[in-house]
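Structure assessment
Residues per chain are reported as follows:
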Amino acid sequence: MRVLGIETSCDETGVAIYDSAQGLLAHALYSQVAMHTEYGGVVPELASRDHVRKTIPLIENAMAEAGLASKDIDGVAYTIGPGLVGALLVGAAIGRSIGFAWNVPTVGVHHMEGHLLAPMLEPNPPEFPFVALLVSGGHTQLVKVERMGNYEILGESVDDAVGEAFDKTAKLLGLGYPGGAALAALAEKGDSKRFHFPRPMVDRPGLEFSFSGLKTFAVNTANKYGLAPQTQADIARAFQDAVVETLVIKCRRALHATGWKTLVVAGGVGANRELRLQLTAMTQQENSRVYFPRPAFCTDNGAMIAYAGCQRLLAGERSSLAIEVFPRWSLSADSIF
Ligand code: KG4
Ligand code: ZN
């Protein structure tokens with residue numbers, strides 16, 4: 001089955017074509033980051049309007065790249081939540097309409113399920129069951145994945161998502177928006193011994209996270225020591241070390257709690273080099289294995305939606321003619337498998 005996937009939940013327009021026999025045939029991405037930068041964050045109305053401008057040209061590009069015509073597509077998948085309501089509505093309206101026009105079935109996909117299944121697009125994909133660490137701009141969750149569509153949240157952040165904490169800390173260091181990747185780059189130049197930030201909630205049992213205090217710690221450190229270039233890098237390093245170690249401790253705990261040996265990491269922060277290194281080291285010690293998507297498929301993209309949608313269409317799921325989106329939507333609420 002060959003599926004066109006469309007992702008428009010936030011500030012990236014992503015389009016891809018996934019074939020269940022041949023794998024990924026094409027993918028195209030347009031990032032709105034430059035447009036939102038001057039406002040210091042995503043402006044929802046501007047995001048929606050830009051998805052209106054970019055989605056159809058991107059679909060045309062992806063179809064041309066794969067050398068396909070409309071008759072070659074067997075289904076259409078699009079993100080229906082969680083995310084910005086207007087942005088979601090653009091992708092859902094376009095995806096549902098294309099399905100109607102081309103007379104093929106359509107399916108709405110949960111954005112976080114897309115992230116969670118992104119490692120399936122890589123050579124040597126993980127096998128079920130596994131523990132998934134989802135770390136994006138809006139979510140920080142440990143999920144017990146028995147099989148596709150069966151998701152139990154083991155723990156999540158009680159306040160800021162980890163990507164949000166990266167972005168807020170980057171902003172106060174003057175690194176612009178979204179600053180996660182810039183903060184990570186700066187941290188590489190930092191001295192890990194200069195400052196020590198706390199590892200939140202690791203001294204009590206459980207798999208919950210809290211990251212908002214680290215941002216405050218960064219503000220207080222900046223107020224005390226200033227923001228000369230080396231100090232800035234040292235703060236970035238202390239922040240990243242605290243986040244990474246906290247995530248590693250909780251992932252180890254989740255592997256122990258389930259008794260499973262496979263960890264999957266996905267979402268934008270999954271592109272973080274230090275996190276990838278430390279989780280690889282931890283899983284080696286634990287005689288377990290960790291799987292990541294390639295960095296380009298950690299952040300938002302159409303390929304993960306095409307893949308997840310293809311699995312759901314193959315399982316017989318179909319959306320109605322209605323165009324419906326769910327800006328707030330728990331991953332565990334959804335199970336058809
Ligand atoms: O998954 P994603 O593209 O969008 C959401 O669904 O939220 O994640 C975006 C988040 C942003 O907060 C961004 O700063 C963060 O991922 N991010 C990173 C890195 N690359 C992206 N955070 C830390 N290190 C990185 N290398
Ligand atoms: Zn995302």
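See the structure above.
As a starting point, this report considers the structure included with it. All values reported here derive from a predicted model rather than from experimental measurement. Note on numbering: residues in each chain are counted from 1, in written sequence order. Naming scheme: in the order in which they are written, chains are lettered from A and ligands are numbered from 1. Local features in this predicted model are restricted to residues whose pLDDT is 70 or higher, and side-chain atom pairs enter the listing and the counts only when it is 80 or higher, whereas totals over whole chains, interfaces and linings include all residues. Each side-chain value is worked out from all heavy atoms of the structure, with water and hydrogens disregarded.

Here's the deal with the layout of surface pockets
The pocket and cavity definitions rest on a 1 Å grid over protein atoms only: a 1.4 Å probe that fits but cannot leave marks a cavity, an open set with protein on both sides within 12 Å along at least five of seven lines marks a pocket, and residues lining either have an atom within 4 Å of a point. Grid points are joined across faces, edges and corners, and a volume is the space filled by probe spheres set on the points. Of the volumes computed, that of the largest pocket is approximately 1300 Å³. Lining the largest pocket are 49 residues, with Ser136, Gly137, Gly138, Asp167 and Asp300 sitting closest to its centre. The set of elements that each furnish at least two residues to the lining of the largest pocket consists of helix H4 (111–117), strand S8 (150–156), helix H5 (162–172) and helix H6 (180–187). Only runs of H or I of at least four residues qualify as helices and only runs of E of at least two qualify as strands under DSSP, and these elements are numbered from the N terminus. Looking at the lining of the largest pocket element by element, the count peaks at 6 residues for H5. Domain delimitation follows an automatic or database domain assignment. Taken domain by domain, the makeup of the lining of the largest pocket includes at least three residues from each of domain 1 (2–117 + 297–333) and domain 2 (128–292). Considered as a void within the structure, the second largest pocket measures approximately 210 Å³ in volume. Forming the walls of the second largest pocket are 15 residues, and the residues nearest its centre are Ile80, Gly108, Glu317, Ser319 and Phe326. Elements represented by at least two residues in the lining of the second largest pocket include exactly strand S4 (75–81) and strand S5 (106–110).

Notes on the nonpolar core
Residues Leu133, Phe197, Leu247, Leu263, Val265 and Leu279 are the most contacted members of the largest nonpolar core, which totals 42 residues. Of all the secondary structure elements, the ones that give two or more residues to this core are strand S6 (130–135), H5, H6, helix H7 (212–225), helix H8 (229–258), strand S9 (262–266) and helix H9 (273–285). Ranked by residues supplied to this core, first place goes to H8 with 13 residues. Here a residue-residue contact requires only that any non-hydrogen atoms of the pair lie within 4.5 Å. In this structure Leu247 touches Leu133, Val135, Thr140, Val162, Phe209, Phe211 and Leu275, once residues within four positions along its chain are discounted. Side-chain atoms within 4.5 Å link the members of a nonpolar core, which is a set of buried Ala, Val, Leu, Ile, Met, Phe, Trp, Tyr and Cys residues. Summary of the burial criterion: residues with accessible area below 20% of their type's maximum are buried, those above 50% are exposed, and those between are partly exposed, where the area comes from a 1.4 Å probe applied to protein chains only.

Observations regarding the site of ligand 1
Taken together, 19 residues sit near ligand 1, with Gly137, Asp167, Gly268, Asn272 and Asp300 positioned nearest. Any pair of nitrogen or oxygen atoms within 3.5 Å is treated as a polar contact; in protein, a donor-acceptor pairing is required on top of that, and neighbouring residues in sequence qualify only through side-chain atoms on both sides. The contact in question runs from an oxygen atom of ligand 1 to an N or O atom on the side chain of Asp167, over 2.6 Å. Between ligand 1 and the protein, one listed contact pairs an oxygen atom with a backbone N or O atom of Gly268 at 3.0 Å. Exposure was quantified through the Shrake-Rupley algorithm and a 1.4 Å probe, taking into account, for residues, occlusion by the shown protein chains and nothing else. In isolation ligand 1 offers 560 Å² of accessible surface; the protein chains occlude 86% of this area. For ligand 1, the cavity whose grid points lie within 2 Å of the majority of its atoms is the largest pocket. Only H4, H5 and H6 provide two or more residues apiece to the shell around ligand 1. By the convention adopted, Pro, Cys, Tyr, Trp, Phe, Met, Ile, Leu, Val and Ala count as nonpolar, Lys, Arg, Asp and Glu as charged, and the other residues, Gly among them, as polar. For the shell around ligand 1, a count of residues per class yields 6 nonpolar, 11 polar and 2 charged. Composition of the shell around ligand 1 by domain shows at least three residues from each of domain 1 (2–117 + 297–333) and domain 2 (128–292). In these notes, residues near a molecule or strand are those with any non-hydrogen atom within 4 Å of it. More than half of a molecule's atoms lying within 2 Å of a cavity's or pocket's grid points is what places that molecule inside it.

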